[in-house]
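An overview of the molecular structure
So you can see what is in the structure, the chains are spelled out below.
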Amino acid sequence: MNPRRVTIEINGETYEREIEPRLLLSDFIRHEAGLTGTHVGCEHGVCGACTVQLDGEPVRSCLMLAVQAEGHSLRTVEDLAAEDGTLHPLQQAFHECHGLQCGFCTPGFLMSIEPLLAEGRDYDDREIRQALAGNLCRCTGYQNIVKATALAAERMSSRAQAE
Amino acid sequence: MKPPPFDYHDPRSIDEAVALLAECGDEGKALAGGQSLVPLLNFRLAQPAALVDLNRVAELSYLGRRDGRLQIGAMCRQARLELSPVAKEGWPLLGAALALVAHPQIRNRGTVGGSAAHSDPAAELPVALTALDARFKARSVRGDRALSADDFFVTHLTTALEPDELLVEIEVPALPERTGHAFHEYSRRHGDFALGGAAVTYTKGDGDRCSAARIVLLGAADVPLRARDGEQALEGQVMNEELAREAAKVAVRDIEPTGDIHGSGDYRKRLIEAMVRRAVLEAAA
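Every chain is numbered independently, its residues counted from 1 as its sequence is written. Here every chain gets a letter starting at A, and every ligand a number starting at 1, in the order they are written. Reporting of local features is limited, given that this is a predicted model, to residues whose pLDDT is at least 70; pairs of side-chain atoms are given and counted only at 80 or more, and all residues count toward the totals for whole chains, interfaces and linings.

**Here's the deal with the overall build of chain B**
- Only DSSP runs of H or I covering at least 4 residues are called helices, and only runs of E covering at least 2 are called strands; the numbering of each starts at the N terminus. The helix and strand tally for chain B stands at twelve helices and 14 strands.
- Since a compact globule built from 285 residues should have a radius of gyration of about 19 Å, the 19 Å found for chain B is in line with a globular shape.
- Each principal axis of the C-alpha atoms in chain B carries an extent, and together these give about 60 × 45 × 30 Å.
- Any pair of residues counts as being in contact when their C-beta atoms, constructed from backbone geometry, are within 7 Å of one another. Taking the intrachain contacts of chain B between residues at least 6 apart in sequence as the baseline, contacts between residues at least 24 apart amount to 62%. With C-alpha atoms as the basis for the radius of gyration, the globule rule is written as 2.2 Å multiplied by the number of residues raised to the power 0.38.

This is the structure in structure tokens:
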């Protein structure tokens, strides 16, 4: 129950705070670091809205304690767009394909999908649907999210080939 | 939807972890990947006075082959086992089962030992580990012991582990030559808990006759259930559709799955029968 002093790295910045061990990582990100791009839906690992990347791998931030993140590198949706506001190719594809409506689930989708695109290859619908299965969206019906993912994968793989 | 307060310990070694578990007694709980325990804390269905977090015990996260056996440290992440070339080559049933465990985000964090120690009868890993005749190695300040799957899984969410015992390793023996495998389950959506399923290993001997088989049922009882009558129906026989149908029928003869809003007990029984039939055919192919 005793508070602990932790240093947690998010998007290359370090945040030093005194926190209770029971504080969820999702709440640390939002309330301590003030990074409110990460959304909290179900708080029991079902909806995927709070997905962030821990050492490059997507994980549910509502199923981790903040103290567990010390010594690891975290990445949230705020890190996707360039500093000048240029959208990440995945965000751009979501925008063009109408892959979001209310936008609540979107940060989780983006952080789940982004590591796949880094492999620089195309994906078929089945692979995309499996990769997305851990994220719930109540607006879109998923069709446009699948389209957006395929478009982003196509652009990023042709960019990788051009390089 | 926030965890209740608890004393938090993050030991760096197995010795330190078991000492803490001994100290905490009934009030302590080991925290592995947290993909089941943290939701239970958030719902306050679990309110342990102390958590012993194993995530900084580096010596628990190994995975490798030794003397022909697959040794899985309790804190090996599920995603690592799923993608492991060693496991893929010698124990492909594990990868087949893991692909059905929740979602990639969960498997990145969830551990093999955590899933075993959670003992959910609807979970895939305990069923696959039972089919592979795994040994579960536990340690406490009182000493070490190893348990078979039959002894380890006691009932719904309960294993034979004492409060001061830590599951440290799961060891899977080598499969005999000419052993096929299959894992079949049915769930309403990919990644959901299955309504029923079956894992099968099937070894061919002389004249393609079955020399050994293991059939383990998912969602049929309060533990992964070995269908010994179904296994016996296969032994000494050559596989064909008729035999698979007969073995599946015998395998589910005595089970009484619990019904709920997702499906009645009778429906689940017939579903599991179909899963056994398919798995047996695939394993013998």
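Structure's up, so let's keep going.
**Some thoughts on the overall build of chain A**
- Summing up its helical and strand segments, chain A has five helices and five strands in all.
- Reading the secondary structure of chain A in the N-to-C direction produces β-β-α-β-β-β-α-α-α-α.
- At 16 Å, chain A has a C-alpha radius of gyration in line with the 15 Å of a compact globule built from 163 residues.
- On the principal axes, the C-alpha backbone points of chain A span a range of 50 × 35 × 25 Å.
- Considering chain A as a whole, with its 163 residues, one finds that 45% of them fall into the buried category.
- Here the contacts in chain A between residues at least 6 apart in sequence split such that 58% fall between residues at least 24 apart. Burial in this document is a count-based property: other C-beta atoms within 10 Å of a residue's C-beta are tallied, and the residue is buried at 20 or more, exposed at 12 or fewer, or partly exposed in between, with C-beta positions derived from the backbone.

**Looking at the domain arrangement of chain B**
Residue and element names in this part refer to chain B.
- Domain ranges listed in this record stem from an automatic or a database domain assignment. Taken as a whole, chain B is organised into domain 1 (1-54 + 68-174) and domain 2 (179-284).
- Domain 1 puts 20 residues into the contact, and the matching count from domain 2 is 19 residues.
- Those elements that place two or more of their residues in the side of domain 1 that touches domain 2 are helix H5 (92-98), helix H8 (124-131) and strand E8 (153-155).
- Top contributing element to the side of domain 1 that touches domain 2 by residue count: H8, with six residues.
- The residue inventory of the side of domain 1 that touches domain 2, partitioned by class, reads 15 nonpolar, four polar and one charged. In this count, Pro and Cys sit with the nonpolar residues alongside Ala, Val, Leu, Ile, Met, Phe, Trp and Tyr, while Asp, Glu, Lys and Arg are called charged and the others, Gly among them, polar.

**Considering the domain arrangement of chain A**
Residues and elements named next belong to chain A.
- Annotation of chain A at the domain level lists domain 1 (4-79) and domain 2 (89-162).
- Just the C-alpha atoms count here: the centres of domain 1 and domain 2 sit 22 Å apart.
- Contact residues are listed per partner, giving 14 residues for domain 1 and eleven residues for domain 2.
- Broken down by element, the residue count for the side of domain 1 that touches domain 2 peaks at three residues, all from strand E3 (residues 51-54).
- Split into classes, the residues belonging to the side of domain 1 that touches domain 2 amount to six nonpolar, seven polar and one charged.

**Some words on the interface of chain A and chain B**
- Counting from both sides, the interface comprises 22 residues of chain A and, opposite them, 23 residues of chain B.
- Secondary-structure elements contributing two or more residues to the side of chain A that touches chain B are strand E4 (57-60) and helix H4 (125-132) of chain A.
- Take the side of chain A that touches chain B: its biggest share by element is four residues, from E4 of chain A.

**Thoughts on the environment of Ala146 of chain B**
Residue and element names in this part refer to chain B.
- Looking at the element boundaries, Ala146 is found in strand E7 (residues 143-148).
- C-beta crowding within 10 Å serves as the criterion here: with 12 such atoms nearby, Ala146 is assigned to the exposed category.
- Sequence-wise, Ala146 and Leu167 are 21 residues apart; in three dimensions their C-alpha atoms are separated by 9.4 Å.

**What to know about unusual backbone geometry**
- The phi dihedral of Glu43 of chain A falls on the positive side, at around 55°, and the residue is not glycine.
- Tracing the backbone shows Glu43 of chain A in the loop between helix H1 (25-32) and E3.
- A positive phi angle, near 60°, is found at Asp208 of chain B, a position not held by glycine.
- Here Asp208 of chain B shows up in the loop between strand E12 (196-204) and strand E13 (210-218).
- Owing to 12 C-beta atoms within 10 Å, Asp208 of chain B belongs among the exposed residues under this scheme.

**As for the packing of helix H11 (residues 241-251) of chain B against helix H12 (residues 265-284) of chain B**
Residue and element names in this part refer to chain B.
- Between H11 and H12, whose axes approach to 8 Å, the crossing angle comes to 135°. Comparing their axes, H12 and H11 come out oblique. Crossing geometry of H11 relative to H12 is assigned as right-handed. Taking contact as the criterion, the partners of Ala244, Arg245, Ala247, Ala248, Lys249 and Ala251 in H11 are, on H12, Glu273, Val276, Arg277, Val280 and Leu281.
- Counted by class, the contact of H11 with H12 contains seven nonpolar, no polar and four charged residues. Interaxial angles span 0 to 180 degrees and are taken between N-to-C directions of axes, which are lines fitted to C-alpha atoms, for helices over the stretch in contact. With respect to orientation, any angle under 35 degrees is reported as roughly parallel, any angle over 145 as roughly antiparallel, any angle of 65 to 115 as roughly perpendicular, and every other angle as oblique. Left-handed describes a crossing in which the near helix is turned anticlockwise from the far one by less than a right angle; the clockwise case is right-handed.

**So, the sheet that holds strand E5 (residues 73-75) of chain A**
Residue and element names in this part refer to chain A.
- Paired strands are those between which DSSP finds at least two bridges. Taken together, the five strands give an open sheet; going across it, the order is E2-E1-E5-E3-E4, and neighbouring strands pair in mixed fashion. The sheet is open, and its two borders are formed by strand E2 (13-19) and E4, each paired with just one other strand. Direction aside, the axes of adjacent strands within the sheet are offset by 40° on average.
- In the sheet, strand E1 (residues 4-10) pairs with E5 via two bridges, with the strands oriented parallel. By the bridge assignment, Glu9 is partnered in E5 with Ser73.
- In the packing of H1 onto the sheet, the strands contacted are E1, E2 and E3, and the crossing angle to E2 comes to about 105°.
- Relative to the sheet, helix H3 (residues 106-117) contacts E3 and E4, its axis offset from that of E3 by approximately 35°.

**A short note on the pairing of strand E11 (residues 179-186) of chain B**
Residue and element names in this part refer to chain B.
- In terms of burial, E11 is largely enclosed, as six of its eight residues are buried.
- Across eight bridges, E11 lies against E12 in antiparallel orientation. When the bridges of E12 are listed, Phe183 appears paired with Ala199.

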